[in-house]
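# Residue-level structural notes
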Amino acid sequence: MKIKLKITGIVQGIGFRPFVYNCALSLGITGYVTNTSKGVVIAASGSPENLRQFKNHITHHPPSHAVIDTITETEYTENEEFESFSILQSRMEEIKFTRISPDLMVCEECLSEVLDPKNRRYYYPYINCTQCGPRYTIIGDVPYDRPFTTMAHFMMCDECQWEYKSITNRRFHAQPNACHICGPHLSLYDNGGTCLSSPRTGDEYSKFFLQVARLLGEGNIVAMKGLGGFHLMCDPENEQAVSLLRRRKYREYKPFAVMTKNILQAQLYGFVNADEEKHLLSGERPIVLLKKKPSSSLAASVAPSTSVVGIMLPYTPVHHLLFEHWEKPLIMTSANISDEPIVYSNDDALSRLNNIADYIITGDRDILIRCDDSVTRVVGEKNYMLRRSRGIVPSPIFLKRAFSQNILALGPFQKNTICLGKADQAILSHHIGDLDDLRTGESFIQAIRHLTHIFDCRPRVIAHDLHPDYLSTKFAFDPPEEFLFFKALKKVGIQHHHAHIVSCMADNNISGKVIGVAMDGTGYGPDNTIWGGEIFLADERDYERVAHLQPVPMPGSEAAIKKPWRMALSCLYHVYGEAWQSNAWRRNAWRRNAWRSHLPREWEEVDEKELRVALYQLKNKINAPLTSSCGRLFDSIAALCGLRTTAFYEGQPAIELEQIIDPETSSAYEFDVSETHPAVISWDKVITGVLHDVRKHTDKGIIAARFHNGLIDIIHRVCVGMAKQTHCKDVVLSGGCFMNMYLLERLSKALVSSGLSVYIHSRVPCNDGGISLGQAIIADAIVKGE
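Residues numbered from 1 in each chain as written. Predicted model: local features only at pLDDT ≥ 70, side-chain atom pairs only at ≥ 80, totals over all residues. Heavy atoms only, no water.

## A short note on empty space enclosed by the protein
On inspection of all chains with the given rule, the structure shows five cavities of 30 Å³ or more. By volume, the largest cavity amounts to about 210 Å³. As for the largest cavity, its lining consists of 22 residues, and the residues nearest its centre are Tyr 126, Gly 226, Leu 227, Thr 316 and Arg 365. For the lining of the largest cavity, the class distribution of residues is 15 nonpolar, four polar and three charged. What the second largest cavity holds in volume is close to 80 Å³. The wall of the second largest cavity is formed by 14 residues, among which Gly 13, Ile 14, Gly 15, Arg 17 and His 173 lie closest to the centre. The element best represented in the lining of the second largest cavity is helix α1 (residues 16-26), accounting for three residues. For the lining of the second largest cavity, the residue count by class is six nonpolar, seven polar and one charged. (1 Å grid on protein atoms, 1.4 Å probe; cavity = no way out; pocket = protein on both sides within 12 Å on 5 of 7 lines; lining within 4 Å. Points joined across faces, edges and corners; volume = space filled by probe spheres on them. Nonpolar A, V, L, I, M, F, W, Y, C, P; charged D, E, K, R; others polar. Helix = DSSP H or I, 4+ residues; strand = E, 2+ residues; numbered from the N terminus.)

## Concerning the sheet that holds strand β3 (residues 40-45)
Reading across from one edge, β4-β1-β3-β2-β5 is the order of the five strands in this open sheet, with mixed pairing throughout. Sheet topology places β4 (67-75) and β5 (85-87) at the edges, where each strand pairs with a single neighbour. When the angles between neighbouring strand axes are averaged without regard to direction, this sheet yields 15°. Contacts from α1 reach β1 (2-10), β2 (30-35), β3, β4 and β5, with the element oriented near 175° to β5. Contacting β1, β3 and β4, helix α2 (residues 48-60) runs over the sheet at an angle of about 160° to β4. (Pairing = 2+ DSSP bridges. Axes fitted to C-alpha atoms, helices over the stretch in contact; angles between N-to-C directions. Contact = heavy atoms within 4.5 Å.)

## A short note on the packing of helix α19 (residues 630-640) against helix α22 (residues 700-726)
Contact pair α19 / α22: the axes reach a minimum separation of 11 Å and the direction vectors enclose 155°. Between α19 and α22, the crossing angle belongs to the class labelled roughly antiparallel. As for how α19 packs across α22, the hand of that crossing is right-handed. Taking contact as the criterion, the partners of Cys 630, Leu 633, Phe 634 and Ile 637 in α19 are, on α22, Ile 703, Phe 707, His 708 and Leu 711. The residue inventory of the contact of α19 with α22, partitioned by class, reads seven nonpolar, one polar and no charged. (Parallel < 35°, antiparallel > 145°, perpendicular 65-115°, else oblique. Left-handed = near helix turned anticlockwise from the far one by under 90°.)

## Quick notes on the sheet that holds strand β21 (residues 425-428)
In space, the six strands of this open sheet follow the order β18-β21-β20-β19-β22-β23, with mixed pairing throughout. Strand pairing shows two members of the sheet lacking a second neighbour, β18 (397-398) and β23 (490-494), which therefore form its edges. Sheet topology note: the strand β20 (residues 419-422)/β21 ladder contains four bridges and is antiparallel. By the bridge assignment for β21, Lys 422 is matched with Gln 425.

Following this line, the structure appears as structure tokens:
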């Protein structure tokens, strides 16, 4: 009896063919196995019982990193007799669509070898096998074979070639296979470009990593090439070194991630429960946000003004080799300036990082696609993804309904990702970042080029954000020359918050009507105002704006995001009007500091001239677009209570407001809801309540708690009312404001206690990193309905 098996999924680059080969030998089956552009094809000849066992073993006991999506069995009809079982050369087909493995953490067997002085790969930093090493970041095409990777120009030595061709060896067809003799190497440079060390043997590498550890111990900043780009490292217990890194990187307050040697060391710096430990130890090796331990010896500037710290464990041989000589944790942050994309090439590192790092470790193995570390946290017992990138991408999100045609969704402006919709899969890109920089724009185009090529996805529909000035939107209508055919494709504009809701629906595999709560900082509305505090009745195709936060002007437009006092001033002007200006902001009153009786002393830092310009903008409605953003309301409260009048990174005022909440406070500020449609949620009484408490010198933690409690109460009240009117019991929570755990957990609990079903994110971020997924699904639903 002869059969043919066609297998799709992550079945290339993880030892699948040797696994099939050995399984066939054990059952006396003849035939062949080969990689194709669509997956793996097996021809098998044997008794019916042996073939049944063969298929059963492949289905239920595949290699650890394999993910089988489908196995299709047909009769093998070709007139061919097999004398043995063999592994054939990969086949390139006209249509290619196979899943590509994410980059894999180093396996225990390779770790054992790299630390063994008798092993020929002793201290070799690029050790790998079919169970570990780079995948997505070095692949240029499928099938996954060495000529299509950045290892193509490294010719294997005789021993590596033997391993590569030996079916019983775990490095059989390990495409990045290499050693000290034939493979890539590391080099250490000072920031003047002088090469200090280029080791070529295990003993030389041992001295190399000892030298790097000494440099770190002296308080230096070291840039080191990793799987998806360069990291900046320094001693996280050295306040001077961490502060220096902040100044050089222009990253004043945003927390740094920390890498610990092992899970035991992680537990010294953060509280780690069983679920968090599982994520830390997972093959994805993400950064996991943990509650900081008060006894932690981390420098204060590692994660200022927050009670959490992002910790990850080593995932490359280089990390482990460095920790052989370094006993403490390490700052491990993306090597870039401020919000630019992560540096990933040697030339860029030497030219762009020389003003940040004192020393730079380059590597000869090129990175084809930059890929930041993934970030997650645990909510209840559930994974709550905050950045989906290295270790996860390009694994698809499988959908209940297949796309009617190939779709490319271009994502939003901030935290950009793109998404390909093909068959029943939504393939999200790695984290690209904010599209406000030339290099990020180039990374955006590179991601489109790479994903559409390796997944053979020529789009027929382009989904884009409604905002006309976003780079992603402009790309849809005016693409560069290599994508000129995009101009003829159908374009579908997608409302930002609708995409948020549908992204969460897809994340949870639900469909139909839902009550969608989208709370974030910025999203363009069809009325040409900025939305961000929205409650919809929505499905995959349409949405109805049922309620929203009261709109307020943003004096100075984007300047109001960086200076929250502007939003606070706008709210005050809205509530008190001209009376506030005449009573509190007269020139003489300012000079006499009479304004202190109205606002906290932190407002002294506000420049009088700039303040008067902002007031003029509000009064004359100049450069002051309306926004219903929940994020801007958070900014207003943070500024009003004197917590944060200037923001140094996105969401900082809201993050710090959450951190100071007094957990014992149950009282709440009052929101009102209009009887109009859509209903307007008024925060006038919230502003007067905050101002009243500020004048009484009420603790900021109590003010923060009352604001959060009031916001939770009003969203809960609106959702329950909608559920009664529409008989819709499913509530979806999405948007960047739901990175706030107090808001997320307490609102979810309140909704569930009222008999509603609550859906939150898990596999894709609640922030704008998940927008492209929603865009792709909505665009397909719209096209289907036309």
